[in-house]
Amino acid sequence: GAGVSQTPSNKVTEKGKYVELRCDPISGHTALYWYRQSLGQGPEFLIYFQGTGAADDSGLPNDRFFAVRPEGSVSTLKIQRTERGDSAVYLCASRQGTSSGGELFFGEGSRLTVL
Amino acid sequence: QKEVEQNSGPLSVPEGAIASLNCTYSDRGSQSFFWYRQYSGKSPELIMFIYSNGDKEDGRFTAQLNKASQYVSLLIRDSQPSDSATYLCAVKGGATNKLIFGTGTLLAVQP
């Protein structure tokens, strides 16, 4: 596709349930980022992939959060035993190449609401 | 201390004025600095990036970087109501490609 695609755009779930959020980056972009954004806050870094491997997962808040990118393209963010505090917009972004430059292109986000 | 700090605002300026947005960062090894604009309910989009000390101009936008003071700013000349948005400062550390965002400054341009 032309841009970063995220599904679902909205997800409402109950506390304790398991959730998967999907990101399809721009074709050819090797770097993929996940961020979480709460109302009135800036995007909070979660994890960054370079190819298939997680280059930096220091932002994952705890072991309930996990992300994969098995073929170096589509990525899935997985949240186990969801809590109300997990409610936020989850943003995915991709970037071409490994250089320190390069623009991050963001998807429209997946809004997660945990009841 | 937060890694990237911004005044949350709102910053209100009249149409046609210069809007000045500021950002400080804590990691002295940071090498790349970005300004993103985010309209309400939308995702961030890149306005400018800067790597070297000094000024960088692009149309009505000027980014300024002072590494000694660990300070980045964005000037918007001839502000328009369509510039009303949240402006996010983002910093990439020297040792990683992780991009850290500030909380953003809400800019309101009054017609």
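Before reading further, recall that the structure is shown in the block above.
Here's what I pulled together on the structure shown here.

Rules used throughout
Residues numbered from 1 in each chain as written. Chains lettered and ligands numbered in written order. Predicted model: local features only at pLDDT ≥ 70, side-chain atom pairs only at ≥ 80, totals over all residues. Heavy atoms only, no water. Helix = DSSP H or I, 4+ residues; strand = E, 2+ residues; numbered from the N terminus. Rg over C-alpha atoms; globule rule 2.2 N^0.38 Å. Buried < 20%, exposed > 50% of the residue type's maximum accessible area, 1.4 Å probe, protein only. Contact = heavy atoms within 4.5 Å. Areas by Shrake-Rupley, 256 points an atom, 1.4 Å probe, with all protein chains shown as cover. Phe/Tyr/Trp six-rings, centres within 6.5 Å; stacked < 30°, edge-to-face > 60°. Lys NZ or Arg CZ within 6 Å of the ring centre and 35° of its normal. Core = buried A, V, L, I, M, F, W, Y, C linked by side-chain atoms within 4.5 Å. Buried area = accessible area lost by both parts, 1.4 Å probe. Salt bridge = Lys/Arg side-chain N within 4 Å of Asp/Glu carboxyl O. Polar contact = N/O pair within 3.5 Å; in protein donor to acceptor, adjacent residues only side chain to side chain. Nonpolar A, V, L, I, M, F, W, Y, C, P; charged D, E, K, R; others polar.

Re the overall build of chain A
Here is step 1: Per the secondary structure count, chain A includes zero helices and 11 strands.
Here is step 2: From first element to last, N terminus to C terminus, chain A shows the α and β order β-β-β-β-β-β-β-β-β-β-β.
Here is step 3: For 115 residues, the compact-globule estimate of 2.2 N^0.38 gives 13 Å, and chain A sits close to it at 13 Å.
Here is step 4: C-alpha atoms of chain A, sized along the principal axes, occupy 40 × 25 × 25 Å.
Here is step 5: The buried share of chain A, taken over its 115 residues, is 45%.
Here is step 6: Within chain A, counting contacts between residues at least 6 apart in sequence, those at least 24 apart form 53% of the total.
Here is step 7: For chain A, the accessible area works out to roughly 5500 Å², and carbon and sulfur atoms hold 47% of it.

Let's talk about the packing of aromatic side chains
Here is step 1: As enumerated under the stated definition, the model contains 11 aromatic pairs over all chains in all.
Here is step 2: Among the aromatic side chains, those forming a connected cluster through ring pairs are Y33, Y35, F45, Y48 and F106 of chain A together with Y36 and F101 of chain B.
Here is step 3: A cation sits over an aromatic face here: K56 of chain B above F49 of chain B, 3.7 Å from the ring centre.

Points about the nonpolar core
Here is step 1: Membership of the largest hydrophobic core comes to 41 residues, with the highest contact counts inside it found for Y35 of chain A together with W35, Y36, L74 and Y87 of chain B.
Here is step 2: Residue contributions to this core peak at six residues, all from strand β9 (residues 85-92) of chain B.
Here is step 3: Contact partners of L74 of chain B, with chain neighbours within four places excluded, come to A19, S20, L21, W35, I47, M48, F61, T62, A63 and Y87 of chain B.
Here is step 4: Judged by nonpolar contacts, the second largest core, of 20 residues, contains C23, L60, L77 and A88 of chain A.

Thoughts on the interface of chain A and chain B
Here is step 1: Taken together, the contacts link 23 residues of chain A with 19 residues of chain B.
Here is step 2: A buried area of about 1600 Å², summed over both sides, lies between chain A and chain B, and 48% of it is on carbon and sulfur atoms.
Here is step 3: In this assembly, chain A and chain B are joined by zero salt bridges.
Here is step 4: The tally of links between chain A and chain B comes to six residue pairs in polar contact (both at pLDDT 80 or more).
Here is step 5: The dominant element in the side of chain A that touches chain B, judged by the number of residues it contributes, is strand β4 (residues 31-37) of chain A, at three residues.
Here is step 6: For the side of chain A that touches chain B, the per-class residue count stands at eight nonpolar, 11 polar and four charged.

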